[in-house]
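# Overview (structure and organization)
One-letter residues, chain by chain:
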Amino acid sequence: MNTPLIVANWKTGVSVSSARAFARALSTQLTVWERRHLVVCPSAPTLGVVHNAAPHVTLGAQDCSAFEEGAHTGDVVARDLRAVGCRFVVVGHSERRTSYAETNAIITEKVKRCVAANLTPIICVGETKQERDRGETDMIIEAQLQSIKGEAPHRVIVAYEPLWAIGAKEPASESVINEIHQHIQSVLRRWRMSGVTILYGGAVDAQHIASICALPNVGGVLVGRASWNASSLRGLLRALQR
Ligand code: PGA
């Protein structure tokens, strides 16, 4: 296995009040190897708490504005995420595509804002169960990938997150992960974008993380629920080193 990236998507699952102790635990307990492989994505108000309590932990945001700046009340712009210590931003998570009607065009703008602010966008792609059943998976994913077309491969990350696996009991099977990661690679190769890191996300836990990360074409994982407390997150990192 080469060097997998573990991206912890805290969603709203870690409150500001619990984040301080959580971050302190990470700061004192993580090995150098673990720190090098981990990106923590707290909610926007929690970013500063984590940054202060665990300055060596790599930070990511869960979203950013599609605009560079201007009159956009409530938006958090890429420039400011970078200024508070972020290095990565999750963009186009299915929960945002679904709940806020974020289109591929909006996500393309977000990718551009991230790259311009020297942040690495982690763009989430994936199909619903209905799209899979209709045989549309490859087409949907290629359309979603258009948001990074033309970017330098080392400046962007893709996360394959089938919607039917997010929040589910079990991750997608290894054969599905293999097949879709190969598809993503072949699309990117066609666009002369070989070398993009491709993560898998959806119900990743300590039981499955090592075998998923050992698959060819898998550069790491995007983890939700299993990253929401210190012992569970450390369990994931330890499982990778067994
Ligand atoms: P989950 O979430 O690990 O809780 O399934 C993954 C995600 O939404 O990124």
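Right above here is the structure, for reference.
Throughout what follows, the structure given in this document is the object of discussion.

Conventions we followed
- Residues numbered from 1 in each chain as written.
- Predicted model: local features only at pLDDT ≥ 70, side-chain atom pairs only at ≥ 80, totals over all residues.
- Heavy atoms only, no water.
- Helix = DSSP H or I, 4+ residues; strand = E, 2+ residues; numbered from the N terminus.
- Rg over C-alpha atoms; globule rule 2.2 N^0.38 Å.
- Buried < 20%, exposed > 50% of the residue type's maximum accessible area, 1.4 Å probe, protein only.
- Areas by Shrake-Rupley, 256 points an atom, 1.4 Å probe, with all protein chains shown as cover.
- Core = buried A, V, L, I, M, F, W, Y, C linked by side-chain atoms within 4.5 Å.
- Contact = heavy atoms within 4.5 Å.
- Salt bridge = Lys/Arg side-chain N within 4 Å of Asp/Glu carboxyl O.
- Axes fitted to C-alpha atoms, helices over the stretch in contact; angles between N-to-C directions.
- Left-handed = near helix turned anticlockwise from the far one by under 90°.
- Nonpolar A, V, L, I, M, F, W, Y, C, P; charged D, E, K, R; others polar.
- Pairing = 2+ DSSP bridges.
- Right-handed = clockwise from strand over helix to strand, strands pointing away.
- Phe/Tyr/Trp six-rings, centres within 6.5 Å; stacked < 30°, edge-to-face > 60°.
- Lys NZ or Arg CZ within 6 Å of the ring centre and 35° of its normal.
- Near = heavy atom within 4 Å.
- Polar contact = N/O pair within 3.5 Å; in protein donor to acceptor, adjacent residues only side chain to side chain.

## Some remarks on the overall build of the chain
- Counting its secondary structure elements, the chain contains eleven helices and eight strands.
- Over its C-alpha atoms the chain spans a radius of gyration of 17 Å, differing by no more than 12% from the 18 Å that the globule rule assigns to 242 residues.
- Structurally, the chain occupies a C-alpha span of about 50 × 45 × 30 Å along its principal axes.
- With 242 residues in all, the chain has 52% of them scored as buried.
- In the form shown here, the chain has an accessible surface area of approximately 10900 Å², with 50% of it arising from carbon and sulfur atoms.

## Focus on the nonpolar core
- Membership of the largest hydrophobic core comes to 68 residues, with the highest contact counts inside it found for Leu145, Ile148, Val158, Ile184 and Ile209.
- The residues touching isoleucine 184, leaving out its near neighbours within four places in the chain, are Val125, Ile141, Leu145, Val158, Tyr160 and Ile198.
- Of all hydrophobic cores here, the second largest spans twelve residues; its members include Leu5, Phe88, Val90 and Cys124.

## Observations regarding the pattern of salt bridges
- Inspection of the entire model under this criterion finds 13 salt bridges.
- The salt bridge partner of arginine 113 is glutamate 109, with a shortest N-O separation of 3.0 Å. Remark: glutamate 109 and arginine 113 occur in helix 6 (residues 104–116); sequence separation between them is four residues, near one turn of the helix.
- For glutamate 109, a relative accessible area of 30% translates into the label partly exposed.

## Regarding the packing of helix 1 (residues 16–29) against helix 11 (residues 230–241)
- Where helix 1 meets helix 11, the axes come as close as 10 Å, and the angle between the chain directions of the two elements is 35°. The handedness of the crossing between helix 1 and helix 11 comes out as right-handed. Residues Phe22, Ala25, Leu26 and Gln29 of helix 1 lie in contact with helix 11, whose contacting residues are Ala230, Leu233 and Arg234.
- Of the residues contributing to the contact of helix 1 with helix 11, the split by class is five nonpolar, one polar and one charged.

## A few points about the sheet that holds strand 7 (residues 197–201)
- Strand order in this closed barrel of eight strands is 1-2-3-4-5-6-7-8, and the pairing throughout is parallel. The average undirected angle you get between the axes of adjacent strands in this sheet is 25°.
- The pairing of strand 4 (residues 86–91) with strand 5 (residues 120–125) spans four bridges and is classified as parallel. Among the inter-strand pairings, valine 89 is bridged to a residue of strand 5, identified as proline 121.
- Sheet strands touched by helix 9 (residues 174–190): strand 5, strand 6 (157–160) and strand 7. Its angle to strand 7, the strand with the most contacts, is close to 150°.
- Strand contacts of helix 11: strand 1 (5–9), strand 2 (38–41) and strand 8 (220–223), with the helix running at about 165° to strand 1, the strand carrying the most contacts.

## Let's talk about the pairing of strand 7
- In terms of burial, strand 7 is a largely internal element, four of the five residues being buried.
- Where strand 6 meets strand 7, four bridges bridge the pair, whose relative direction is parallel. Paired with tyrosine 160 across the two strands is tyrosine 200, which belongs to strand 7.
- Running through helix 9, the crossover from strand 6 to the neighbouring parallel element strand 7 is right-handed.
- Across three bridges, strand 7 lies against strand 8 in parallel orientation. By the bridge assignment for strand 8, leucine 199 is matched with glycine 220.

## Remarks on the packing of aromatic side chains
- Inspection of every chain in the model, using the stated rule, returns two aromatic pairs.
- Positioned above the aromatic ring of tyrosine 100 is the side chain of arginine 96, whose terminal nitrogen or guanidinium carbon lies 4.2 Å from the ring centre.

## A word on the site of the ligand
- Taken together, 14 residues lie near the ligand, and Lys11, His93, Glu161, Ala203 and Arg225 sit nearest.
- Within the side chain of glutamate 161, an N or O atom sits 2.7 Å from an oxygen atom of the ligand.
- The separation between an oxygen atom of the ligand and a polar main-chain atom of alanine 203 is 2.8 Å.
- Relative to its unbound accessible surface of 280 Å², the ligand loses 99% to contact with the protein.

Taken by themselves, the reported measurements are silent on function.
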